[in-house]
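Observations on chain architecture
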Amino acid sequence: MAPAVRGLKSFVWQRLKSAVFDDFSKEEEWKIMLLDDYTTKLLSLCCKMTDLLAEGVTVVENVYKMREPVPHMKAIYLITPTKKSVDGLIDDFITKSSSRYKAAYVYFTDFCPDSLFNKIKASCAKSIKKCKEINISFFPYESQVFTLNIPDAFYRCYSPTLERTKDKDAVLQVMAEQIVTLCATLDENPGVRYKSGPSDRASKLAQLVEKALENYYKTDEKSQIKAKTHSQLIIIDRGFDPVSTVLHELTFQAMAYDLLPIENDTYKYKTEGSGGKEKEAILEEDDDLWVKMRHKHIADVIEELPKLLKDASSKTKAAEGKLSISALSQLMKKMPLYRKEISKQVVHLNIAEDCMSKFKSNIERLCKTEQDLALGTDAEGQKVKDSMRVLLPVLLNKSHDSYDKIRAILLYIFSTNGTTQENLDKLIQNVQIESDSDMIRNWKYLDVPVISSFVAQQHKYARRDRSKEETFQLSRWTPVIKDVMEDAIENKLDSKDWPYCSRCPPTWNGAGAVSARQKPRASCREERRSSARLIVFVIGGVTYSEMRSAYEVSEAYKSCEVVIGSTHILTPRRLLEEVKSLSKPKDMINNHIIKNVKEFCPDKQKPSISEYTYKVCYSFESSYFHVMHIKILT
């Protein structure tokens with residue numbers, strides 16, 4: 001049974017099928033699957049339990065936990081090459097008489113160090129029938145979005161407390177290796193380039209990726225050196241576009257994740273009525289309505305959702321009006337589908353109304369100020385002459401919380417390429433944000449000028465003219481990364497500002513741009529398969545508006561699919577907390593993040609990673625799997 005997945009998720013699932021499950025294609029016996037925290041999340045993103053059942057997997061267990069032995073069944077271990085996961089494997093086969101399973105088939109997500117491999121060899125080699133490295137060290141978050149498995153990457157990349165340690169180089173090396181597994185999964189050997197800047201982070205990572213690509217394709221399964229494909233990988237540092245990280249976005253997905261307490265992609269809401277129950281909805285690509293609405297402006301969403309709800313309701317009423325036996329029979333068959341459709345519409349209408357409630361109470365007044373500061377012009381196109389005069393009403397408004405005021409101050413600083421030390425101190429003092437002042441001051445560690453000086457002047461990317469594009473007055477800002485994507489596809493990036501680490505294929509080196517706007521719409525999928533792919537990686541987090549840009553550019557340039565990724569997904573609140581933490585000692589970071597998560601969701605305790613991944617990973621279609629799900633959590 002093929003999973004209902006798109007893009008990257010489909011590529012990962014197909015790679016898992018070919019690398020793991022095809023090894024058992026001729027066998028008809030049931031198997032047990034052992035996962036660790038990372039592989040649990042990986043599988044949760046690209047398949048369902050029904051897909052695993054179709055591959056002969058009847059039970060999924062956590063390799064870290066105690067389990068009942070099933071000596072007559074084979075076990076598939078899909079795990080990361082870490083000491084904890086390897087110890088879990090070895091514990092299952094300490095002695096032949098006490099082995100939990102009939103045999104072990106081990107699949108590592110990445111390169112297994114010799115020390116761990118030798119440990120396995122010395123402990124349980126006779127029980128292992130197969131051991132492979134499948135090279136998937138990234139999460140396919142969406143069909144065109146990926147993240148890496150490095151939770152503390154932001155701190156390790158930007159904190160001055162680690163300046164003289166090897167942590168920064170180590171985390172860049174890990175990033176490079178994980179990016180290469182993405183390229184391998186897509187079967188790409190891209191030309192690598194980066195945005196030059198005051199820091200060497202992007203250039204270092206680009207060089208590490210290029211070297212890792214060379215090593216990988218020299219030692220792949222075919223033992224042949226793979227030529228550069230018609231793809232390009234661009235590496236950008238987070239400080240390249242600070243504006244898009246703090247601006248209030250009014251498109252559905254970005255707005256919801258910014259304004260509502262959505263945790264682990266789960267939205268909680270209450271049903272109507274005095275005794276309304278709290279329900280949960282997972283925002284994922286299995287929901288076609290979510291995919292259709294997520295990148296639309298909130299004004300369009302608010303207009304479209306009630307119409308869809310009305311149409312669905314009218315269909316059921318029209319069907320109910322036909323009293324023949326055959327009509328009633330057809331209605332009974334369609335009712336579950338109608339209920340599911342209406343249920344999804346109600347969820348998204350709840351999200352939209354919650355967003356609009358926040359927007360009307362406070363955000364609407366903020367948005368005009370933010371747009372004027374970000375663009376340097378007002379809605380009429382007139383240049384903003386005095387940025388401080390634009391900022392002051394926000395700072396004086398008591399209804400705006402400190403987070404919103406900090407975001408407005410940052411936009412003011414970004415728009416003026418820094419401010420004076422005296423002015424910054426006055427702003428912090430007058431707004432009474434002394435305890436959170438590092439949310440502003442620490443941007444200097446991202447090479448964004450906070451205090452203006454001739455040396456600190458940041459070269460800003462030349463923006464495209466979008467004055468003729470139709471847009472909402474409170475959504476005039478376009479993420480800079482969208483300009484970069486379009487310029488890369490049209491072969492307009494200056495090689496001085498965007499140097500290559502490798503020789504690029506003809507598609508990108510000036511022999512012709514990759515635009516295919518004149519090609520027939522019907523053939524765009526086929527063209528993409530044989531044409532170019534643009535991969536953009538942002539060090540230090542990617543925003544939902546930048547993720548949206550990847551989809552919009554892919555839609556506009558039919559022959560080039562854009563895939564965007566980063567160390568993690570950012571919301572403005574999360575980013576401000578991470579920026580604040582940069583000046584703290586390393587051992588204080590975890591406690592600091594946990595404290596702020598609890599402040600944001602005071603009524604609920606944040607679940608552990610393992611609890612979360614098992615809780616949301618599969619749509620269990622039967623009570624049997626529901627029971628198994630509870631068993632795993634306990």
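Residues numbered from 1 in each chain as written. Predicted model: local features only at pLDDT ≥ 70, side-chain atom pairs only at ≥ 80, totals over all residues. Heavy atoms only, no water.

Looking up the chain in an unreviewed UniProt entry gives the name Syntaxin binding protein 3, with the organism given as Ficedula albicollis.

It is worth spelling out the packing of helix α1 (residues 7–19) against helix α7 (residues 167–185) at this point. Following both chains from N to C, one finds α1 and α7 inclined at 85°, their axes separated by 10 Å at the closest point. Here α7 runs roughly perpendicular to α1, going by the angle between their axes. Contacts between α1 and α7 pair Leu8, Phe11, Val12 and Arg15 from the former with Leu182, Ala184 and Thr185 from the latter. Looking at the contact of α1 with α7 residue by residue, the classes come out as five nonpolar, one polar and one charged. (Axes fitted to C-alpha atoms, helices over the stretch in contact; angles between N-to-C directions. Helix = DSSP H or I, 4+ residues; strand = E, 2+ residues; numbered from the N terminus. Parallel < 35°, antiparallel > 145°, perpendicular 65-115°, else oblique. Contact = heavy atoms within 4.5 Å. Nonpolar A, V, L, I, M, F, W, Y, C, P; charged D, E, K, R; others polar.)

One finds Met175, Ile235 and Trp443 to be the most contacted residues of the largest nonpolar core, which totals 160 residues. The element best represented in this core is helix α13 (residues 325–375), accounting for 12 residues. Within the second largest apolar cluster, 22 residues are counted, among which are Val86, Phe93, Ala104 and Ile120. (Core = buried A, V, L, I, M, F, W, Y, C linked by side-chain atoms within 4.5 Å. Buried < 20%, exposed > 50% of the residue type's maximum accessible area, 1.4 Å probe, protein only.)

Our focus in this paragraph is the packing of α7 against helix α8 (residues 201–218). Axis separation between α7 and α8 bottoms out at 8 Å; the angle between their running directions is 50°. Relative to α8, the element α7 lies oblique. Here α7 runs over α8; the crossing is right-handed. Contacts between α7 and α8 involve Lys168, Asp169, Leu172, Gln173, Met175, Ala176, Ile179, Val180, Cys183 and Ala184 from the former and Arg201, Lys204, Leu205, Leu208, Val209, Ala212, Leu213, Tyr216 and Tyr217 from the latter. (Left-handed = near helix turned anticlockwise from the far one by under 90°.)

Here the focus is the pattern of salt bridges. Evaluation of the coordinates by the stated rule reveals 46 salt bridges. The shortest N-O distance in the salt bridge between Asp23 and Lys132 comes to 3.5 Å. With Asp23 in the loop between α1 and β1 (31–35) and Lys132 in strand β5 (residues 128–133), this pair connects stretches of sequence that are 109 residues apart. The class of Lys132 is partly exposed, set by a relative accessible area of 28%. With a shortest N-O distance of 3.9 Å, Lys268 and Glu280 are connected by a salt bridge. Remark: Glu280 occurs in strand β11 (residues 278–282) and Lys268 occurs in strand β10 (residues 266–270); sequence separation between them is 12 residues. The exposure class assigned to Glu280 is partly exposed, which follows from its relative accessible area of 41%. Salt bridges sharing common partners tie together Arg463, Arg464, Arg466, Glu469, Asp483, Glu486, Asp487, Glu490 and Lys492. (Salt bridge = Lys/Arg side-chain N within 4 Å of Asp/Glu carboxyl O.)

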